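Topology and contacts: notes
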Amino acid sequence: AFAALKRAPQQEALLLVVAEAYLAGHPLPEATALGRIGASPGVAAGLVGKGFVQRIALPVSRLATGQAATTPPPELTAAQQTALAALLAHLEGGTPTEPVLLHGVTGSGKTLLLQALAARTLAQGQQVLYLVPEIGLTAQAIERWRARFGALVGLAHSRLSEAERVETWQAVLRGDIRIVLGARSALLLPFAELGLILVDEAHDRSYKQAEPAPRYHARDAAVHLGQQLGIPVVLSTATPSLETYLAATEGRMGYVPLTERPFPGPMPSVELINMRQQQAERSSDGPFSAPLLDALRVVVASGQQALVLKNRRGFSPLVVCTTCGHVPHCPNCDISLTLHQAARELRCHYCGYRDTDPTTCTNCHHPTLRPEGMGTERIEELLRDRLPGARIGRMDLDTTRGKAGFERVIGQFARGELDVLVGTQMVTKGLDFGNVSLAAVLSADSLLHYPDFRATEHAYQLLTQFAGRAGRAGQPSRLLIQTYQPEHPFWALLQAPYTVFAEAELHLRLALSYPPYSRLIQLELRHRDLGFLQTEALRLAALLRPWLGGSLMGPEAPAIARVKGYFRLRFLIRASAKQSGRGLKQRLEASLAAYRAQAPNQTVRTVVDVDPYS
């Protein structure tokens, strides 16, 4: 072959490169071989045409496999060893289909115990599913789990490419991936030999798939899957949902507490800042109180880090025309458009509509649109002005787009490249940064006055989890909360142990017959014609009310009555523990079937959501 290529020096050189790789036993990508000698694809084609080399298609995995495990697990504290022994007792001696609640304070080392359970399951030749509520949490979690278990850990979430998801599906089915770390959709993978399900941050609302169908809660679905397969399920959280807590205290699931952090130092102190007083004394600076700005300056000067929570993304939630008073609204949804200053556009966060002229009023055509209110983008801009020299970053849906968006922002903060990270509720969940000594909450009152009977529960969970991001290396830490209602009784409960809060909230739920002492089912009707929709809603009500009676509420329009061009009307069924179950489901299905049969060609969309708002 070489003799025949004496007059084709580039083909001769390419053949030498391929021969060396062949003798070494390593397949060589064509582009790599051509790159080594600076040749064009035509050189390879000529060599193939002469029959001296052959092109072979080989599968190449798109999945990041990780490295071999190099970090041994740390030695467990006495409290962690006690909790692990209790977990193992439940898993080995209890009923396999009975889930277990691992209730540990933030920073107590619950992940170490979950890894110990995973190691036990792997030793038994079985697979492990480890669920986290947010894709953003997979960025830090995958590093920790691969440091312990190496290439046995695979990743599964919706931001993987379609090809990566196909490969993951096949690898899980073959059993090549032994530990799957993923968001709620990972629950639907075809495990070959699943032996353990771990649900981290089990309280989190992101586990509920609300739109589109299928509408399910990954925590509850995990428990059901464990019961079907006869395998243990462990729910891990510092702030369980009231449904989970009640089930644990009533003996319907195992309960393992972990009340100590493995490092010295108290939990973050909770300090309320009275914004009424700040404004009366003219001490506030825009959205920031004087104590908050002082605390941020101290943190930046000392080389530590701070997290700032503003649970609204964008620059401003609305803009107002100062000439005519017009507020731009989405043409498809009953909601004002949010200003995104960096992209210079107004956006609808429900249907994705965009207006690329954020300064000119569409009503009077004057360039007098002014932003009102604040989102994370504006808070970031204001902090850059108030804290000159400080490195400010932002973590919300806009800055974390793309497959590597979360990893980029979290990596910058973890490496100390940012002093202050502003974010939506993304910054409150499960992240572990050792240098954070301050967590600050802006507009805390909006968490309490959200129109939802679970608002207080969610506020407690969110703020407790957020406080837990600080002081994780044992240093003194603070949670600063700006509020216009420092006298609100919730703030005293926030500083009490979870059990005190849960008992107080359960007392109210029982008195009002709300979950967990009842079950809710939401029926939503959707149509583009509001008048027709109202008529159809009354027709459905006539079928439901005779057998549901006072358990049926509605129809009524939600706060945002039109989304993506469809008007919406809702019914809410509140069923007692005796009413809920298979019988209620069958009667409801029969009523909906009868409703559709009366007008088989009607175009009203019906959406059923069990346990909404959870």
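The structure reproduced in this document is the subject of the present report. All values reported here derive from a predicted model rather than from experimental measurement.

Another point: the sheet that holds strand S14 (residues 345–347). Backbone hydrogen bonds are what pair the strands of a sheet, in a parallel or an antiparallel way. As summarised here, the arrangement of the 3 strands in space is S13-S14-S15, forming an open sheet in which the pairing is antiparallel. Each having just a single partner strand, strand S13 (338–340) and strand S15 (354–355) make up the two edges of the open sheet. Where S13 meets S14, 3 bridges bridge the pair, whose relative direction is antiparallel. Bridge pairing in S14 links Thr 338 to Arg 347.

On to the environment of Asp 355, then. Relative to the helices and strands, Asp 355 is located in strand S15. Between the C-alpha atom of Asp 355 and that of Pro 328, which follows or precedes it by 27 residues, the distance is 9.5 Å. Every residue in contact with Asp 355, bar those within four places of it in the chain, is listed here: Leu 337, Glu 345, Leu 346 and Thr 362. A distance of 3.0 Å separates a polar atom in the side chain of Asp 355 from the backbone nitrogen of Asp 357.

Any two packed helices are characterised by how steeply their axes cross, that is the angle between the axes, and by the distance between the axes. Between helix H9 (residues 242–249) and helix H17 (residues 498–512), whose axes approach to 11 Å, the crossing angle comes to 100 degrees. Regarding the angle of H9 to H17, the classification is roughly perpendicular. Of the residues in H17, those in contact with Leu 242, Tyr 245 and Leu 246 of H9 are Tyr 498, Thr 499, Ala 502, Glu 503, Glu 505, Leu 506 and Arg 509. In terms of residue class, the contact of H9 with H17 is built from 6 nonpolar, 1 polar and 3 charged.

This paragraph deals with the packing of aromatic side chains. Counted by the stated rule, this structure contains 9 aromatic pairs. Ring centres of Tyr 245 and Tyr 498 lie 5.3 Å apart, and the angle between their planes is 80 degrees; this geometry places the pair in the edge-to-face category. Remark: Tyr 498 occurs in helix H17 and Tyr 245 occurs in helix H9; sequence separation between them is 253 residues. Like Tyr 245, the residue Tyr 498 is buried in the burial classification. Measuring from centroid to centroid gives 4.2 Å for Tyr 460 and Phe 501, while their planes differ by 5 degrees, and the two rings are stacked. With a gap of 41 residues between them, Tyr 460 in helix H15 (residues 455–467) and Phe 501 in helix H17 connect regions that are remote in the sequence. Aromatic rings pair up to connect Tyr 245, Tyr 460, Tyr 498 and Phe 501 into one cluster. Its guanidinium or amino end placed over the ring of Phe 567, Arg 562 lies 5.8 Å from that ring's centre, counting from NZ or CZ.

Grouped together as the largest cluster of nonpolar side chains are 70 residues, with contacts concentrated most on Trp 145, Leu 181, Leu 198, Val 234, Met 395 and Phe 490. Among the elements that line this core, the one with the most residues is helix H6 (residues 135–149), at 7 residues. Residues in contact with Leu 198, not counting those within four places in the same chain, are Leu 114, Leu 117, Val 128, Leu 129, Tyr 130, Leu 131, Trp 145 and Val 234. Counting 28 residues, the second-largest nonpolar core is a separate cluster that includes Ala 156, Ile 177, Leu 187 and Ile 231.

Right, let's talk about the sheet that holds strand S19 (residues 436–441) for a bit. If you trace the 6 strands from one edge of the open sheet to the other, you get S10-S20-S19-S11-S18-S17, paired in parallel fashion. Lying at the two open borders of the sheet, with one neighbouring strand each, are strand S10 (269–274) and strand S17 (392–395). The average undirected angle you get between the axes of adjacent strands in this sheet is 20 degrees. Helix H12 (residues 376–386) rests against strand S11 (305–309), S17 and strand S18 (420–423) of the sheet, and its axis sits at about 175 degrees to S17. Each of S11, S17, S18 and S19 touches helix H13 (residues 405–414); the most contacted strand, S17, lies at about 145 degrees to it.

So, about unusual backbone geometry. Residues other than glycine predominantly adopt negative phi, and peptide bonds predominantly adopt the trans conformation. In this structure, the amide linkage connecting Glu 211 to the following residue, Pro 212, adopts the cis form with an omega of 0 degrees. Here Pro 212 is to be found in the loop between strand S6 (208–209) and strand S7 (216–217). In this model, His 365 sits at a positive phi of 65 degrees, which is unusual for a non-glycine residue. Although it is not a glycine, Asp 611 adopts a positive phi angle of roughly 55 degrees. Here Asp 611 lies in the segment after strand S25 (605–610).

For the rest of this paragraph, the subject is the side chain of Glu 377. Mapped onto the elements, Glu 377 comes out in helix H12. Buried and unpaired, Glu 377 has Arg 394 as its nearest opposite-charge partner, separated by 4.7 Å. A distance of 2.5 Å separates a polar side-chain atom of Glu 377 from the backbone nitrogen of Ala 342. Here Glu 377 is in contact with Gly 314, Phe 315, Leu 339, His 340, Gln 341, Ala 342 and Arg 394, once residues within four sequence places are set aside.

Turning next to the pattern of salt bridges. Across all of its chains, the model carries 37 salt bridges by this definition. The salt bridge partner of Asp 285 is Arg 386, with a shortest N-O separation of 2.8 Å. Taken together, the positions of Asp 285 in the loop between helix H10 (275–280) and helix H11 (290–301) and Arg 386 in helix H12 put the pair 101 residues apart, joining distant regions of the chain. Owing to a relative accessible area of 17%, Arg 386 belongs among the buried residues under this scheme. A salt bridge links Arg 370 to Glu 372, with the shortest nitrogen-to-oxygen separation between them at 2.7 Å.

What counts and how
Residues numbered from 1 in each chain as written. Predicted model: local features only at pLDDT ≥ 70, side-chain atom pairs only at ≥ 80, totals over all residues. Heavy atoms only, no water. Pairing = 2+ DSSP bridges. Helix = DSSP H or I, 4+ residues; strand = E, 2+ residues; numbered from the N terminus. Contact = heavy atoms within 4.5 Å. Polar contact = N/O pair within 3.5 Å; in protein donor to acceptor, adjacent residues only side chain to side chain. Axes fitted to C-alpha atoms, helices over the stretch in contact; angles between N-to-C directions. Parallel < 35°, antiparallel > 145°, perpendicular 65-115°, else oblique. Nonpolar A, V, L, I, M, F, W, Y, C, P; charged D, E, K, R; others polar. Phe/Tyr/Trp six-rings, centres within 6.5 Å; stacked < 30°, edge-to-face > 60°. Buried < 20%, exposed > 50% of the residue type's maximum accessible area, 1.4 Å probe, protein only. Lys NZ or Arg CZ within 6 Å of the ring centre and 35° of its normal. Core = buried A, V, L, I, M, F, W, Y, C linked by side-chain atoms within 4.5 Å. Lys, Arg positive; Asp, Glu negative; His and termini not counted. Salt bridge = Lys/Arg side-chain N within 4 Å of Asp/Glu carboxyl O.

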